[in-house]
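Overview (structure and organization)
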Amino acid sequence: MNKITSLTSEDLVAQNIATLKQLFPTIVKEGEIDFKELESLLKNDLVEGDEYYRFTWAGKSQARLEANKPSTATLRPDKESSKNWDTTKNIFIEGDNLEVLKLLQKSYANRIKMIYIDPPYNTGKDFVYMDNYADNLQNYLDITGQTDAQGKKTSTNTESDGRYHSNWLNMMYPRLRLARNLLTDDGVIFISIDDNEVHNLRKLCDEVFGEENFVECLKWKRKKQPSFLARHTAKVMEYVLIYAKSFNKLEKLSIEGTSDSTKKVVNLTNQYSERFFKKGVMVKSGGSGIIKKGKYQIKTMTVEYLDDVIYEEGFTTNDVSVFAQFSVSQEKIDNYIDEKLLFITINNGLRRDVSEEEIGKKKSITDLLLDWGDNQDSDNEMKEIFEEKYFDYTKPLKFMYNLSKSSDTENNIILDFFAGSGTTAHAVMQLNAEDGGNRKCISVQLPELTDESSEAFKAGYTNIAEITKERIRRAGEKIVNAEKENLQKAEAELSAENAKAIKDENLIEELASKIQNLKSKIQNLDIGFKAFKLDSSNIRPWDGNPENLEDQLFTYAENIKENRTEEDILFEVLLKYGLDLTVPIEEKAVAGKTVYNIGAGTMFICLADNITPEISEAIGQWKEELQPAISRVIFKDSGFATDKDKTNAVQILKRFGVEEANSI
Ligand SMILES: C[S@@+](CC[C@H](N)C(=O)[O-])C[C@H]1O[C@@H](n2cnc3c(N)ncnc32)[C@H](O)[C@@H]1O
């Protein structure tokens, strides 16, 4: 028996549309009749019209415009939620990613090597964020409950919505356009998606990134077992679309030892032997000089040069004999020298660069990902971190780990602007721990409200951003603890070996070196993040254009909002001037006022009231000490008691070579 769900009269129009759709399935687009299409099906002649190849949907032009509109928002530092604020280079941003991507445009243009996103798939059940072009920031604050206690959990984008696909495309389009600007020329974007939108997403990306930059549509097996309740076919796969910023500049995607750009030629487990180095060996320190003949200790390895090594313009100019624990033959050494691969390291050790041929031999990832973890793994991983499963759409760690590894990101920034539970940040820390890489991760997540009946809410996570941050915190601790355990084991093994009557000296050296490496790894691992929150600008009439600041030096009025801290303003200035959010910031008290030195003298900021000539003098002197290539100084507009004080400040700073003094 069917349940009666509606007592209203029949919707005749809907019925007619359904009847027509049965006859002509192609004429119904998002619930509306495409009359041109209908006409073409009922006529034998050509229907006149604008017939050309294109991909469009309702609201496309507006969505494109939206990507170009400057943001009126800013990112406020949230030190309390952060971890290792002073040292970390990772970033977590709570906010709507459209506004956030706009704010990052200046500071991170062409700087992100890899972007991974896992947006809502438009399943009809997931939450698709609806932008409000009239006032996007207010819309964000309303949706996330930051304007009233309730918050507005907007309804999901359902298939019955007349703009089901258009809504989703309008959400994705401006974000992808902005994301593309952030990629380095050899950068790459990976986008997870399933059958609901894969066809549209591919066309959308063709338009945003260029068809020629399409790399692959990976098929990832996300389920071990299919659901036997499936109506027609039982799905176990979903997709990852890959686009390069520039197809020809993107390196091979491989998870095989991509982090090794150099290799050993000596090894602790080999016997000492002599090799002959003909001239032409690269010397990494560059320039000209002499490395005196003799023994050099590099960690636990010894390299003995039996002759003085003379070098000019970074290459040796004489033949030299070398005594070390070589792991390669004389013939190989000769080849490496011929191919300019062999080099003497800065501390006089020996290594070689990996050859083009070796790079070419690396196996690419295939388009079928069968053992990259699955949904069951990700559920277990979440439970391992949180005891309970607080989030439904988590990707498995192995999947994210492999993707991050595949694109040679070792010293680069990775961005995930649909961060969810923070799997990307977790995988990046894990990868760094394993290969000693220095990847940095920027995660962006909406403070999407959690359902009051959910386990997450009951445990105190009122929004998803809270879950993301806690996941990153806990994951970092887990990774460091695992390394500490490894260290303890190695130390125990070393003391056991030392206690033996007959010792294995090679093993002792190996363990000592392992311990040293583990200690420095634990010390250097970046498991922190600087947290920021999207909010309205700190400055009232900000026009978003730093060029216009100059003229503002002579404008009066307190234009900084109440309840905003000096640090809030500081970071807004960084964004407007295109400085990195993790740039080193030093602060000093001068005549009782705080002066911030940003990026070793690139910028000085003093936002105090009653600026005296003493402060300008001190800033000038600080600049002299640091000798930056360029330097600018920013004051608060109302920080000067009189016009004369402002003019004085400008004159004093000019004396120290600071040509740019601005006020906000
Ligand atoms: C499918 S989940 C990502 C899951 C993630 N890959 C993981 O492993 O946990 C998508 C996330 O994007 C977030 N999101 C949706 N719209 C957003 C927006 N406009 N800005 C920022 N985050 C958004 C959702 O809250 C959700 O947490």
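As a starting point, this report considers the structure included with it. Bear in mind that the values here come from a model prediction, so they are computed numbers and not experimental data.

Attention now goes to the sheet that holds strand β24 (residues 585-590). By way of backbone hydrogen bonds, the strands of a sheet pair with one another, either parallel or antiparallel. The mixed open sheet is built from five strands, whose spatial order is β24-β25-β26-β27-β28. In this open sheet, the two edge strands, each paired with only one partner strand, are β24 and β28 (660-663). The mean angle between the axes of side-by-side strands here comes to 20 degrees, regardless of whether they run parallel or antiparallel. Direction of pairing for β24 relative to strand β25 (residues 593-598): antiparallel, over a ladder of six bridges. Bridging across to β25, Glu-586 finds its partner in Asn-597.

Counting through the fold element by element, Tyr-272 comes out in the loop between β9 (262-264) and β10 (273-277). Note on Tyr-272: relative accessible area 39%, which makes it partly exposed. Apart from the residues lying within four places of it in its own chain, the contact partners of Tyr-272 are Thr-302, Phe-323, Ala-324 and Gln-325.

Under the definition given, this model contains 22 aromatic pairs. Each ring, one from Phe-532 and one from Phe-571, has its centre 5.2 Å from the other, and the planes form 70 degrees; the classification is edge-to-face. Placement of the pair is Phe-532 in strand β23 (residues 530-536) and Phe-571 in helix α16 (residues 566-577), with a sequence separation of 39 residues. For the pair shown, Phe-532 and Phe-571 are each scored as buried. For the ring pair Phe-635 and Phe-640, a centre distance of 5.1 Å and an interplane angle of 75 degrees mean the geometry is edge-to-face. An identical accessibility class is assigned to Phe-635 and Phe-640; each is buried. Each residue in the set Tyr-116, Trp-220, Trp-372 and Phe-399 is aromatic and connected to the rest through ring pairs, giving one cluster. Over the ring of Phe-343 we find Lys-284, and its NZ or CZ is 3.8 Å from the ring centre. A cation over a ring is seen here: Lys-340 above Phe-315, with NZ or CZ 5.3 Å from the ring centre.

What follows is about the site of the ligand. Asp-118, Ser-421, Thr-423, Gln-445 and Glu-448 are the nearest of the 20 residues found near the ligand. In the environment of the ligand, a nitrogen atom lies 2.9 Å from a nitrogen or oxygen atom belonging to the side chain of Asp-96. Between the ligand and Lys-395 there is a distance of 2.8 Å, counted from an oxygen atom to a backbone nitrogen or oxygen. Computed on the free molecule, the ligand has an accessible area of 600 Å², of which 96% lies beneath the protein chains in the complex. Counted by class, the shell around the ligand contains eight nonpolar, seven polar and five charged residues.

With four of five residues buried, strand β14 (residues 301-305) lies mostly within the body of the structure. The sheet contact formed by strand β13 (residues 294-298) and β14 spans five bridges and is antiparallel. Counted as the bridge partner of Gly-294 is Tyr-305 from β14. Joining the antiparallel neighbours β13 and β14 is a turn of two residues, in which Lys-299 adopts a positive phi near 50 degrees. Summarising the sheet, β14 and strand β17 (residues 320-324) pair through two bridges and their orientation is antiparallel. Paired with Tyr-305 across the strands is Val-322, a residue of β17.

Reading the values: rules and limits
- Residues numbered from 1 in each chain as written.
- Predicted model: local features only at pLDDT ≥ 70, side-chain atom pairs only at ≥ 80, totals over all residues.
- Heavy atoms only, no water.
- Pairing = 2+ DSSP bridges.
- Helix = DSSP H or I, 4+ residues; strand = E, 2+ residues; numbered from the N terminus.
- Axes fitted to C-alpha atoms, helices over the stretch in contact; angles between N-to-C directions.
- Buried < 20%, exposed > 50% of the residue type's maximum accessible area, 1.4 Å probe, protein only.
- Contact = heavy atoms within 4.5 Å.
- Phe/Tyr/Trp six-rings, centres within 6.5 Å; stacked < 30°, edge-to-face > 60°.
- Lys NZ or Arg CZ within 6 Å of the ring centre and 35° of its normal.
- Near = heavy atom within 4 Å.
- Polar contact = N/O pair within 3.5 Å; in protein donor to acceptor, adjacent residues only side chain to side chain.
- Areas by Shrake-Rupley, 256 points an atom, 1.4 Å probe, with all protein chains shown as cover.
- Nonpolar A, V, L, I, M, F, W, Y, C, P; charged D, E, K, R; others polar.

Everything listed here is a matter of coordinates, which is why it stays silent on function.
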